Amino acid sequence: MKVEVFETPQDAAKSLAQEVAALIRSRAAEGKNVVLGLATGATPLPFYAELVRMHKEEGLSFANVISFNLDEYSGLDRAHPESYWYFMHQNLFNHIDMKPENINLPSGMVAQEEIPAHCAAYEQKIKDCGGIDLQILGIGRTGHIGFNEPGSDDTTITRQVHLDDLTRSDAAPAFNGIENVPTTAITMGVATIMGAREVALMAWGEKKAAIVKEAIEGPVCIEVAASYLQNHNNAKFLLDKAAAADL
Ligand code: GLP
């Protein structure tokens, strides 16, 4: 696994955005689509800001991009400001030229009995689009990627999961209290993520240093979903100095 350490999150985000732009442009030149796996959270914000800047100032087109987001909270509709649908539109999709029909997120509003079929259809659609070329990731303090909490092994695919207490308490300020944070979510599985041809995980700040060390230097184990990336043949971690401090 490659580890790249940058002075600032902005430097890391810029480097990744340049790589993504090169991929989009080379596929466009061949008349082909590119399939991106996208993540939410504070971490990818400078990366999305840089993509928006490249679209506005450098004419980078996203017309050939198909996206699949990692996850969505159960029970939140698209208009909820904490839904990942809303987040992605606010921070990326509303500012670029992606075709709305190429945007895919799991739905948090599917009736309980229809969730397995919804998850299976999501997996199938990823396959039908040719699989994910590049999966963007953040990391939660439980070591989760997407919402693959401790106990998620590398055979897991898209499904409904229970959120860990630490994950819910980290999300509590945004929801004005832990009692408002959903208890379940739909997430791609570890196997879904491992199926991407390339994976790029970003992490910033001292709060992530301990879990970053576990993911990179610890054993590959079911307690830390991100540790499975050690087994991926084209995965890299992009870190700022603070997140890399314990390595
Ligand atoms: C949430 C998301 C993850 C994200 C994590 C870390 O749980 N489902 O995809 O990586 O939070 O969030 P942040 O980037 O805000 O630290």
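See the structure shown above.
Residues numbered from 1 in each chain as written. Predicted model: local features only at pLDDT ≥ 70, side-chain atom pairs only at ≥ 80, totals over all residues. Heavy atoms only, no water.

## Brief notes about the site of the ligand
Alright, step 1. Taken together, T40, G41, A42, T43, D71, Y84, G138, I139, H144, G146, F147 and K208 are the residues near the ligand.
Alright, step 2. Y84 has a polar side-chain atom sitting 3.3 Å from a nitrogen atom of the ligand.
Alright, step 3. In isolation the ligand offers 390 Å² of accessible surface; the protein chains occlude 82% of this area.
Alright, step 4. For the shell around the ligand, the per-class residue count stands at four nonpolar, six polar and two charged. (Near = heavy atom within 4 Å. Polar contact = N/O pair within 3.5 Å; in protein donor to acceptor, adjacent residues only side chain to side chain. Areas by Shrake-Rupley, 256 points an atom, 1.4 Å probe, with all protein chains shown as cover. Nonpolar A, V, L, I, M, F, W, Y, C, P; charged D, E, K, R; others polar.)

## A word on the pattern of salt bridges
Alright, step 1. Evaluated as defined, the whole model comprises twelve salt bridges.
Alright, step 2. Residues joined by salt bridges that share partners form a network here, namely K2, E4, E19 and K236. (Salt bridge = Lys/Arg side-chain N within 4 Å of Asp/Glu carboxyl O.)

## As for the pairing of strand β7 (residues 159–162)
Alright, step 1. Across the two faces of β7 the burial differs, with R159 and V161 buried and Q160 and H162 not buried at all.
Alright, step 2. Across four bridges, β7 lies against strand β8 (residues 184–187) in antiparallel orientation. Bridge pairing in β8 places Q160 opposite I186. (Buried < 20%, exposed > 50% of the residue type's maximum accessible area, 1.4 Å probe, protein only. Helix = DSSP H or I, 4+ residues; strand = E, 2+ residues; numbered from the N terminus. Pairing = 2+ DSSP bridges.)

## What about the sheet that holds strand β3 (residues 65–69)?
Alright, step 1. Spatial ordering of the open sheet is given by β1-β10-β9-β6-β2-β3-β5, a layout of seven strands whose pairing is parallel. Edge positions in the open sheet fall to β1 (2–6) and β5 (103–104), since each of these has one partner strand only.
Alright, step 2. Pairing geometry for strand β9 (residues 198–203) and strand β10 (residues 235–240), over five bridges, is parallel. Counted as the bridge partner of M202 is L238 from β10.

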